[in-house]
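An overview of the molecular structure
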Amino acid sequence: MFASDTARARIGGYYFDSLEDAIKVASDDDIITLTNNIKLDDTLKINKVININLNNYTIEASEKVFLVENGHLKLSGKGYIKETKPEYGAIMIIGSQNEVDTNYSSVTVDNGVILEGWSGIFINHNKNKAYGVVVNLDGDIKAVNDTSGDSGAGIYVNGNIKHKDNSPVINIGDNTKIESTGTGIYAAGYSVYNINGADISGYQSGLGIKSGIFNISNSNIYGYGEDKTPTDGNNNGINASGASIQIESNPNYKGDISLNIENSVLTSKNSNVIYEYTTKNNDTKVESISIIDGTYISESSKDVFKLSNSFIDKHPKFISGGRFSSSPEDYLVSGYSTYLNDSGLYEVSLNTITTFKTENWRSCLQAWFLRGIHRG
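Residues numbered from 1 in each chain as written. Predicted model: local features only at pLDDT ≥ 70, side-chain atom pairs only at ≥ 80, totals over all residues. Heavy atoms only, no water.

Turning our attention to the overall build of the protein. Scanning the protein for helices and strands turns up 3 helices and 35 strands. Judged by the C-alpha coordinates and their principal axes, the protein covers about 110 × 50 × 45 Å. Counting the 376 residues in the protein, one finds 50% classified as buried. Taking the contacts inside the protein whose residues are at least 6 apart along the sequence as the reference set, 60% of them involve residues at least 24 apart. In the form shown here, the protein has an accessible surface area of approximately 17500 Å², with 43% of it arising from carbon and sulfur atoms. (Helix = DSSP H or I, 4+ residues; strand = E, 2+ residues; numbered from the N terminus. Buried < 20%, exposed > 50% of the residue type's maximum accessible area, 1.4 Å probe, protein only. Contact = heavy atoms within 4.5 Å. Areas by Shrake-Rupley, 256 points an atom, 1.4 Å probe, with all protein chains shown as cover.)

The following block contains the structure:
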């Protein structure tokens, strides 16, 4: 059909007066291309394969623009997905209750798309489960305060999600930028995060972690708020610290935290770079931290690390490379040492000790013996 003055979207040469109408008829291979801005009266529920090219337009709703459950949403082209009265997030995702359901709900956000709301992506639980959730994020997130003034979270995973098998997987790619008035990512529930080439910043902290696995490479993580350490544990959210990465070991959450960092830049404007603490003298819920290369700077000259005694007792050595604004000597893997480089940072290097194999010693001794006979 031909375009009309009221058309909001098209599939090929067919035009639709509403995005809802286009979604109803779209097949898996169709691309819905916006032809105008969209203002929704209610949340759009996605329960099949939907591909939307924003085409430099905006889709907005008062709160929770998209709800993806047993469906797959892909957003491409430049444009905005926006909560006008921020409360939950631009996109909410709900997984399956059935542990064998893989690829149950997925969201792909291409470069050029901006998600704006209390969160960009909100992974909610389904009777405490979220099986088969996958997020591929190459676009940007701007997380803002909600209508009551509570600080935002760029990505939020509900803390009731505690299963490790078939848990949500969140892939954050090159050139992704997450900015938040609260935490860049609030990892309350258990998920696996693969962060490669992203730029993540938050006023309260860059990352606020209570559960899950974080694999971070070639990325920038920045906490720029006031120093609020030491902070108390929180069973409904996470208190501000100002750290680049804040890890709360809290028995009310799954925990099982692993942090693997390689070739990244972590900076705190006013606080520690990595701040790990326990609640009410409980044991740490961190399974491992591994730091390989990268730069770790507290701009306020505070120590890079502020760690619980429980963590230090359990994981005393976890650094095998990098540059640090305070000495990491206490946490070096065996065989590594530090020196002060030209930039005034403590740089970690592998010790080099010359060793000889047994046969080399034998040949040296033989040569020495023969020289002795000749000179005798």
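This part covers the sheet that holds strand β14 (residues 121-124). Strand order across the open sheet formed by 10 strands is β5-β8-β11-β14-β17-β20-β23-β26-β29-β32, with parallel pairing between neighbours. The open sheet is flanked by β5 (44-46) and β32 (305-306), the only strands paired with a single partner. Where strand β20 (residues 183-187) and strand β23 (residues 205-209) come together, 4 bridges link them in parallel fashion. Its bridge partner being in β23, A187 is matched across the sheet by I209. (Pairing = 2+ DSSP bridges.)

Okay, the nonpolar core next. The biggest cluster of nonpolar side chains holds 77 residues, and the ones touching the most others in it are I52, I59, F66, I91, I245 and I274. In this structure I274 touches I245, I247, L259, I261, L266, I291, V304, F305, K306 and L307, once residues within four positions along its chain are discounted. (Core = buried A, V, L, I, M, F, W, Y, C linked by side-chain atoms within 4.5 Å.)

What follows deals with the side chain of S119. Residue position: S119 is located in the loop between β13 (113-117) and β14. Here S119 falls in the buried class, since its relative accessible area comes to 0%. The contacts of S119, once residues within four sequence positions are left out, are Y88, G89, A90, A143, A153, G154 and Y156.

Attention now goes to the pattern of salt bridges. Counted under the stated rule, the structure contains 7 salt bridges. One salt bridge connects D293 with R323, and the closest N-O pair in it is separated by 3.1 Å. Remark: R323 occurs in strand β33 (residues 322-324) and D293 occurs in the loop between β30 (286-292) and β31 (295-298); sequence separation between them is 30 residues. Via salt bridges that share partners, K164, K254 and D256 belong to a single interconnected network. (Salt bridge = Lys/Arg side-chain N within 4 Å of Asp/Glu carboxyl O.)

Let us now look at the sheet that holds strand β12 (residues 105-109). Read from one edge to the other, the open sheet built from 12 strands follows the order β2-β1-β3-β6-β9-β12-β15-β18-β21-β24-β27-β30, with strand pairing classed as mixed. The sheet is open, and its two edges are formed by β2 (14-16) and β30, each paired on a single side. Across the sheet, the mean angle separating the axes of adjacent strands is 10° when strand polarity is ignored. In this structure, strand β15 (residues 133-137) lies alongside strand β18 (residues 169-172), joined through 4 bridges in parallel fashion. The residue bridging V134 from the neighbouring strand is V169, located in β18. (Axes fitted to C-alpha atoms, helices over the stretch in contact; angles between N-to-C directions.)

Glancing now at unusual backbone geometry. Leaving glycine aside, a negative phi is the common case for residues, and trans is the common case for peptide bonds. Put simply, T229 and P230 share a cis peptide bond, and its omega is -5°. Unlike most non-glycine residues, N103 shows phi in positive territory, near 50°. Residue N103 is classed as partly exposed on the basis of its relative accessible area, which comes to 46%. One non-glycine residue, N166, lies in the positive phi region at around 55°. Inspection of the secondary structure assignment puts N166 in the loop between β17 (153-157) and β18.

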